[in-house]
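Each chain, letter by letter, is given below.
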Amino acid sequence: MTWLTGSYPKVILAPMDGYTDPPFRRFIKKVAPGATVFSEFLSARLVSQKPSLAKTMFRVYDDEKPVVIQLYGKDPAEFALAASLAEQEGAQGIDINMGCPAKKVVAHRHGSALMKEIDLAEEIIRQTKAAVSVPVTVKTRLGWEDDRNLIPFALRLQDCGLDAITIHGRTYSQKFEGEADWTSIYALKEALSIPVFGNGDVVSVAGALDKLGNLDGVMVGRGAVADPWLLKRACAAFAGDEEGARRVYGFEEKIALWKAFAELAVESSVKTEKHACQSFRKFLVRLHKDLGLSREVRAQAVRASTLAEVHAALDLFLEASLETAA
Ligand SMILES: Cc1cc2nc3c(=O)[nH]c(=O)nc-3n(C[C@H](O)[C@H](O)[C@H](O)COP(=O)(O)O)c2cc1C
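Conventions used here
- Residues numbered from 1 in each chain as written.
- Predicted model: local features only at pLDDT ≥ 70, side-chain atom pairs only at ≥ 80, totals over all residues.
- Heavy atoms only, no water.
- UniProt positions renumbered as here; feature names shortened; annotations may be inferred.
- Helix = DSSP H or I, 4+ residues; strand = E, 2+ residues; numbered from the N terminus.
- Domains from an automatic or database assignment.
- Contact = heavy atoms within 4.5 Å.
- Buried area = accessible area lost by both parts, 1.4 Å probe.
- Salt bridge = Lys/Arg side-chain N within 4 Å of Asp/Glu carboxyl O.
- Polar contact = N/O pair within 3.5 Å; in protein donor to acceptor, adjacent residues only side chain to side chain.
- Near = heavy atom within 4 Å.
- Areas by Shrake-Rupley, 256 points an atom, 1.4 Å probe, with all protein chains shown as cover.
- Nonpolar A, V, L, I, M, F, W, Y, C, P; charged D, E, K, R; others polar.

Undergrad: Even after reading the chapter, I still don't get the UniProt feature "domain: DUS-like FMN-binding" (unreviewed entry) in the protein chain, so can you show me in this structure?
TA: As annotated by UniProt and renumbered to match this structure, "domain: DUS-like FMN-binding" (unreviewed entry) occupies residues 12-315. In residues 12-315, the share of helix is 50% and the share of strand is 13%. The end C-alpha atoms are 30 Å apart.

Rendered as structure tokens:
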């Protein structure tokens, strides 16, 4: 069994730096057990130079499996070593980042830069495949400035043994601008024999169903941060469960899971409770905004430095939302 076996179409939590760490992934799995989760991108170089870091960098919990660990870098041998360390820690898939457009990433020939270095990209796939027994996949974009190389690029990676590919429907040049264009992702699926997943701008169940087309699944990033329950409803929709796809989840149920998430964040943090709670504030602030609550309620959330204070802020959110709804 690998993460690529089992039912299709798949719903996947996108790798997101600063978000898809173990607590967030475990929270998502509590909310949407049918989804597959990807880690944020992790440095192949860092862990190959200091393999003792693997235990913390690649920490995988049983209740979040199957987890795909995403790596970035440019050196095939470093990818191979990092991938084998991740597999030892319990990763059930290795994804190679060939899509990040950030200046400092691309300047080091990492991320999107690999779309322009097909020989190097091939060698990375070959060496990583040889080092692990779990699937090796790539997440990339439509291309550098346009999509003309997408099919030839992906075909060459497939010939090296690539197990699946995810395409974010924007080019490197677009960064996050404009709307994701899925048309060439459907054409790519026609040209390849491996699973192809589409990514970009899925923010509703209707959008997921609409965009799926001939693909093997959808990967959701910002939409899942805004509404983790979207993944649960998308899983239901893809399984043909129309009622589940439409289900509205109550505040009590949601707040209970947000509280459990805060506990996971504190429990799995390698730093202090204060640090874990401070980094949790971004979720509180977003939730506050989404629930449309008052400034007074926000103040407590942005000051929360202990688990008890995070829980108190969430209780306040619940109270205020129920009052608003009444
Ligand atoms: C905050 C943030 C961090 C991201 N970090 C990563 C990353 O570590 N690896 C990666 O492949 N993509 C990363 N991405 C890109 C997302 O995986 C995804 O491709 C992009 O957000 C488009 O999908 P969406 O519209 O569903 O969000 C990141 C995006 C955001 C917003």
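Undergrad: Before we go on, may I ask you to explain the domain arrangement of the protein chain in this structure?
TA: Frequently, the measure chosen for interface size is the accessible area that the parts lose on association. For the protein chain, the assigned domains are domain 1 (10-246) and domain 2 (251-325). If you average the C-alpha positions of domain 1 and of domain 2, the two centres end up 29 Å apart. The partner domain 2 presents 14 residues to the 15 residues of domain 1 that form the contact. Summing the contributions of domain 1 and of domain 2, the shared interface buries around 1300 Å²; its carbon and sulfur component is 73%. Its largest share of buried area at the contact with domain 2, domain 1 owes to Pro23, Phe27 and Trp229, together 38% of the area lost on that side. Viewed at the interface, domain 2 and domain 1 are joined by one salt bridge. One salt bridge connects Arg26 with Glu267, and the closest N-O pair in it is separated by 3.6 Å. Remark: the boundary between domain 1 and domain 2 carries one residue pair in polar contact (both at pLDDT 80 or more).

Undergrad: What am I meant to see in the site of the ligand here?
TA: Taken together, 18 residues form the shell around the ligand, and within it Pro15, Asp17, Asn199, Asp201 and Arg222 come nearest. In this structure, a nitrogen atom belonging to the ligand sits 2.8 Å away from a main-chain N or O atom of Asp17. Within the contact set of the ligand, an oxygen atom lies 3.5 Å away from a side-chain nitrogen or oxygen of His168. Contact with the protein chains hides 86% of the accessible area of the ligand, taken as 610 Å² for the molecule alone. Considered class by class, the residues forming the shell around the ligand number seven nonpolar, six polar and five charged.

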